[in-house]
Amino acid sequence: MSAPTSEQTFVPGALDRSAPFYVAGHRGLVGSAVWRTLEKEGFSHLIGRTSAELDLKDRAAVFDFFREQRPRYVVLAAAKVGGIVANNTYPVDFLSENLQIQLNVLDAALEARTERVLFLGSSCIYPRLAPQPIVEDSLLTGHLEPTNDAYAIAKIAGIMQIQAVRRQYGLPWISAMPTNLYGPGDNFSPTGSHVLPALIRRYDEARTAGAPSVTNWGTGTPRRELLHVDDMAAACLHLLEHYDGPSQVNVGTGTDVTIRELAETVARVVGYEGETQWDTSKPDGTPQKLLDVSRLADAGWRASISLEDGLRSTVEWYRENVGALRT
Ligand SMILES: NC(=O)C1=CN([C@@H]2O[C@H](COP(=O)(O)OP(=O)(O)OC[C@H]3O[C@@H](n4cnc5c(N)ncnc54)[C@H](OP(=O)(O)O)[C@@H]3O)[C@@H](O)[C@H]2O)C=CC1
Ligand SMILES: C[C@H]1O[C@H](OP(=O)(O)OP(=O)(O)OC[C@H]2O[C@@H](n3cnc4c(=O)[nH]c(N)nc43)[C@H](O)[C@@H]2O)[C@@H](O)[C@@H](O)C1=O
């Protein structure tokens with residue numbers, strides 16, 4: 001172990017477009033959007049590995065990869081991810097896989113002295129009944145939402161690892177906490193996905209089949225904030241170039257809707273005119289998780305894709321790719 005270094009002043013600025021930049025999870029919803037954004041922004045040395053090529057749970061392989069590639073920048077968007085029922089049903093997988101992935105990547109990045117790392121957590125790290133909108137300082141002030149507490153604890157460990165590296169080694173690594181995301185490349189699995197892709201698929205299939213009704217999960221009363229993944233990717237690059245600090249930064253739009261309103265909007269956009277029913281045997285999850293995005297605004301960034309526009313383009317993407325969806 002190297003001698004501890006105290007946290008030093010680091011002034012963020014434009015990243016070097018020719019430096020090796022590893023996007024962990026580059027085929028996922030977020031990773032693929034980050035990759036597109038970086039390509040558009042002129043980054044010429046992007047590095048990506050599928051899980052088949054490099055299983056991030058394999059600690060030795062991850063260390064070999066970092067020793068060989070020596071990325072100067074890393075966005076950690078590889079994780080075990082799923083919707084409310086997947087999280088609630090497989091807590092061991094969500095805890096264990098995420099702890100392993102992030103521990104291996106962050107430890108290997110530390111050994112390689114990676115200059116900038118952006119770790120992605122989730123808004124579910126905050127207490128279930130945190131005051132709304134949720135400020136970053138709400139972390140660890142109350143009980144977690146039980147449907148995703150295992151996943152949240154893994155993510156909280158990741159935030160702590162970033163802070164610990166900053167404190168002990170002085171490296172300017174940062175964390176961002178996205179709200180619920182959606183967009184092209186999402187997981188549309190009927191049982192495993194998040195709410196928006198599930199609704200798009202359900203309503204579009206019902207429209208095609210001429211089904212008289214669809215059934216969604218829960219009561220429809222919880223509120224969720226939804227951010228298009230292209231906005232998320234832009235925020236990632238913005239934070240890497242404009243933010244440095246130990247606190248995680250919330251990434252969202254600052255507005256939310258009820259699940260019932262979201263379902264009505266999806267039905268209208270896909271053109272479904274039947275009835276909607278609610279299966280209250282399925283969990284609602286946290287009643288509201290609206291992020292306070294002042295810190296992000298102070299860093300000079302705000303979301304630009306409206307829910308209506310983002311939803312329309314995602315429905316288009318879904319229809320064009322329905323034959324080749326992830327399961
Ligand atoms: N989607 C959302 O609503 C939200 C997401 N987030 C966070 O954003 C990040 C990205 O999520 P998202 O893009 O939605 O997730 P996805 O499921 O779309 O993508 C995750 C990616 O991680 C990779 N991965 C998973 N396990 C391994 C492994 N063992 N080894 C290597 N790669 C692995 C997968 O690679 P491959 O395809 O090659 O198998 C996959 O492409 C996560 O940290 C998540 O917690 C936060 C809040 C909301
Ligand atoms: C991003 C975040 O995502 C997860 O938390 P969540 O916000 O509760 O996630 P969700 O998108 O799955 O559900 C939102 C709401 O929508 C309702 N709902 C209706 N009908 C469907 C439906 O068909 N599928 C789903 N998934 N939800 C539905 C559902 O009952 C709930 O009230 C975390 O586990 C964790 O992974 C995390 O960090």
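Residues numbered from 1 in each chain as written. Chains lettered and ligands numbered in written order. Predicted model: local features only at pLDDT ≥ 70, side-chain atom pairs only at ≥ 80, totals over all residues. Heavy atoms only, no water.

Filter applied, for reference: UniProt positions are given in the numbering used here, feature names are shortened, and annotations may be inferred rather than shown by experiment.
As named in an unreviewed UniProt entry, the protein chain is GDP-L-fucose synthase, taken from Cellulomonas avistercoris. Here is the UniProt Function (unreviewed entry) comment for the protein chain, exactly as written: "Catalyzes the two-step NADP-dependent conversion of GDP-4-dehydro-6-deoxy-D-mannose to GDP-fucose, involving an epimerase and a reductase reaction." Quoted verbatim from the Pathway (unreviewed entry) field of the UniProt record, the comment on the protein chain reads "Nucleotide-sugar biosynthesis; GDP-L-fucose biosynthesis via de novo pathway; GDP-L-fucose from GDP-alpha-D-mannose: step 2/2."

1. A few points about the packing of aromatic side chains
Defined as follows: Here is the rule: rings of Phe, Tyr and Trp (six-membered ring for Trp) pair when centre to centre is within 6.5 Å. Planes less than 30 degrees apart are stacked, more than 60 are edge-to-face, and the remainder are tilted. In our convention, an over-ring charge means Lys NZ or Arg CZ found within 6 Å of a ring centre and within 35 degrees of that ring's normal.
By the definition in use, this model includes 9 aromatic pairs. Three or more aromatic residues link up through ring pairs in this structure, and these residues are Phe21, Phe43 and Tyr73. The ring of Phe94 carries Lys80 above its face, with NZ or CZ at 5.4 Å from the centroid.

2. Details of the site of ligand 2
What counts here: In this text, near means that some heavy atom of the residue lies within 4 Å of the molecule or strand in question. Pairs of N or O atoms within 3.5 Å make up the polar contacts considered here, provided that, within protein, one atom can donate a hydrogen while the other can accept it, and that residues adjacent in sequence are counted only when both atoms are side-chain atoms. Surface exposure here means Shrake-Rupley accessible area, sampled with a 1.4 Å probe, where a residue is shielded only by the protein chains that are shown.
In the region of ligand 2, 22 residues are neighbours, and Ile84, Ser122, Arg224, Pro283 and Asp284 sit closest. At a separation of 2.8 Å, an oxygen atom of ligand 2 approaches a polar backbone atom of Ile84. In the model, an oxygen atom of ligand 2 is placed 2.5 Å from a nitrogen or oxygen of the Ser122 side chain. In isolation ligand 2 exposes 690 Å². Once the protein is present, 98% of that is buried.

3. Brief notes about the sheet that holds strand β5 (residues 174–178)
Selection criterion: A strand pair is defined by DSSP finding two or more bridges across the two strands. Secondary structure elements follow DSSP: runs of H or I no shorter than four residues count as helices, runs of E no shorter than two count as strands, and numbering proceeds from the N terminus. Residues are treated as being in contact if the distance between any of their heavy atoms lies within 4.5 Å. Under this scheme, a helix contributes an axis fitted over its contacting stretch, all axes are lines through C-alpha atoms, and angles between N-to-C directions fall in the 0 to 180 degree range.
Across the sheet, 6 strands lie side by side as β2-β1-β3-β4-β5-β10; this open sheet has parallel pairing. On the outer flanks of this sheet lie β2 (46–47) and β10 (249–251), each paired with one strand and no other. Pairing of strand β3 (residues 73–76) with strand β4 (residues 116–120) involves 4 bridges; the strand directions are parallel. Directly across from Val74, in β4, lies its bridge partner Val117. Packing against the sheet, helix α1 (residues 29–40) makes contact with β1 (21–24), β2, β3 and β4, and its axis sits at approximately 155° to β1.

4. Thoughts on the site of ligand 1
Around ligand 1 sit 27 residues, and of these Leu29, Val30, Ser51, Tyr151 and Lys155 come closest. Between ligand 1 and Arg27 there is a distance of 3.3 Å, counted from an oxygen atom to a side-chain nitrogen or oxygen. Between ligand 1 and Asp55 there is a distance of 2.9 Å, counted from a nitrogen atom to a side-chain nitrogen or oxygen. For ligand 1, whose unbound accessible area comes to 900 Å², protein coverage reaches 89%. Mapped onto the shell around ligand 1, the elements with two or more residues apiece are α1, α5 (149–169) and β6 (180–182).

5. Points about the state of the cysteines
To be explicit about the condition: By definition, disulfides here are pairs of cysteine sulfur atoms that lie within 2.5 Å. Each residue's exposure class comes from its accessible area (1.4 Å probe, protein chains only) as a fraction of the maximum for that residue type: buried when under 20%, exposed when over 50%, partly exposed otherwise.
For the structure shown, the criterion picks out 0 disulfides. Between Cys124, a free cysteine, and Cys236, which holds the nearest cysteine sulfur, the sulfur-to-sulfur gap is 16 Å. Judged by its relative accessible area of 2%, Cys236 is buried.

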